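Chain by chain, the residues:
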Amino acid sequence: MRENFETALAAVLAHEGGWSDHPRDPGGATMKGVTLRTYAAFLGRTPTRDELRNIRDEHLHAIYRKGYWDACRCDDLPAGVDMAVFDFAVNGGPGRSAKMLQRCTGAWADGQIGPNTLGKVAAFVETHGIPALVEALSQERQAYYESLSTFDAFGRGWTRRVSETRATALALCGPGDGAESATA
């Protein structure tokens, strides 16, 4: 939903933290979740590592909005589902996050959220409720992380992130969305 971007971005940034350049992280040098490659695409040139370390807030906002939130059509997703899809788009890539949503709802998993996927999301929510979709997305995401060869290095943080994102997503579900039964 449109009004959830700022809330979702704050939650993502809390997970992404500051500077990271772990030798086992395939993303390489990263600041607040933005890799050198992503920042280079945004700037249209190759930034220095110092430029990345000092990325401006307006650049972060624009990168996250266009590259992840808009790429996954989060404005068109139900409150809560938008958060779950957005956070995984940032951490796992927009295409992977879209495919996860598509698999959970029975849509064709092509990595592009379009009218068919949005229709499948609406049908799933109508039948099962938003919390059930948030739960399904969380389970799929955890299973994905556990399948990675780097789970031993990053698994504890990923598991915590899945749990905290699930809680934030469920809190974003409005009254009548079945959120009360998901936490009971």
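So, here is what we can say about the structure in this document.

### Points about the overall build of the protein chain
- Across its full length, the protein chain holds 10 helices and three strands.
- Its C-alpha atoms give the protein chain a radius of gyration of 16 Å, near enough to 16 Å, the size a compact globule of 184 residues would have.
- Buried residues in the protein chain amount to 44% of all 184 residues.
- With the model as given, the accessible surface of the protein chain reaches about 9200 Å², and the carbon-plus-sulfur share is 51%.
- Computing the positive centroid from 20 side-chain charges and the negative centroid from 23, the protein chain places the two 6 Å apart.

### Things to note about the nonpolar core
- Ranked by size, the top nonpolar core spans 48 residues in total, and within it Tyr64, Val81, Phe86, Leu101 and Leu137 carry the most contacts.
- Among the secondary structure elements, those contributing two or more residues to this core are α1 (5–16), α4 (57–70), α5 (81–92), α6 (94–105), α7 (115–128), α8 (130–146) and α9 (151–172).
- It is α5 that provides the largest number of residues to this core, a total of eight residues.
- Ignoring anything within four residues of it in the chain, the contact list for Leu137 reads Val81, Ala84, Val85, Met100, Leu101 and Cys104.

### Digging into the packing of helix α2 (residues 36–43) against α4
- At a minimum axis separation of 11 Å, α2 and α4 run at an interaxial angle of 95°. Compared by their axis directions, α2 and α4 come out roughly perpendicular. Residues Thr38, Tyr39, Phe42 and Leu43 of α2 form the contact with α4, whose own contacting residues are His59, Ala62, Ile63 and Tyr68.

### Quick word on the packing of α5 against α6
- Relative orientation of the contacting elements α5 and α6 amounts to 140°, with a least axis distance of 7 Å. Considering their axes alone, α5 and α6 lie oblique with respect to each other. Considering the relative orientation of α5 and α6, their crossing is right-handed. Here Val81, Val85, Phe88, Ala89 and Gly92 of α5 lie close against α6, whose contacting residues are Pro94, Arg96, Ser97, Met100 and Leu101.

### Some thoughts on the side chain of Thr165
- Structurally, the position occupied by Thr165 is in helix α9.
- If sequence neighbours within four positions are ignored, Thr165 has contacts with His15, Met83, Ala84, Asp87 and Arg141.

### Some details on α1
- Spanning 12 residues, α1 covers 16 Å between terminal C-alpha atoms, matching the ideal 16 Å at 1.5 Å per step.
- Where α1 is concerned, the buried positions are Phe5, Ala8, Leu9, Ala11, Val12 and Glu16. Along α1, the residues classed as buried sweep out an arc of 165° about the axis, all on the same side.
- Next to the buried residues of α1 lie α4, α5 and α9.

### Topic: the sheet that holds strand β3 (residues 34–35)
- Spatially, three strands are ordered β1-β2-β3 in an open sheet, and the strand pairing comes out antiparallel. Single-partner strands in this sheet number two, and they are β1 (19–20) and β3.
- Across two bridges, β1 lies against strand β2 (residues 30–31) in antiparallel orientation. Bridge pairing links Trp19 to Met31 in β2.

Thresholds applied
- Residues numbered from 1 in each chain as written.
- Predicted model: local features only at pLDDT ≥ 70, side-chain atom pairs only at ≥ 80, totals over all residues.
- Heavy atoms only, no water.
- Helix = DSSP H or I, 4+ residues; strand = E, 2+ residues; numbered from the N terminus.
- Rg over C-alpha atoms; globule rule 2.2 N^0.38 Å.
- Buried < 20%, exposed > 50% of the residue type's maximum accessible area, 1.4 Å probe, protein only.
- Areas by Shrake-Rupley, 256 points an atom, 1.4 Å probe, with all protein chains shown as cover.
- Lys, Arg positive; Asp, Glu negative; His and termini not counted.
- Charge placed at Lys NZ, Arg CZ, Asp CG, Glu CD.
- Core = buried A, V, L, I, M, F, W, Y, C linked by side-chain atoms within 4.5 Å.
- Contact = heavy atoms within 4.5 Å.
- Axes fitted to C-alpha atoms, helices over the stretch in contact; angles between N-to-C directions.
- Parallel < 35°, antiparallel > 145°, perpendicular 65-115°, else oblique.
- Left-handed = near helix turned anticlockwise from the far one by under 90°.
- Expected span 1.5 Å × (residues − 1).
- Arc of directions from axis to C-beta.
- Pairing = 2+ DSSP bridges.

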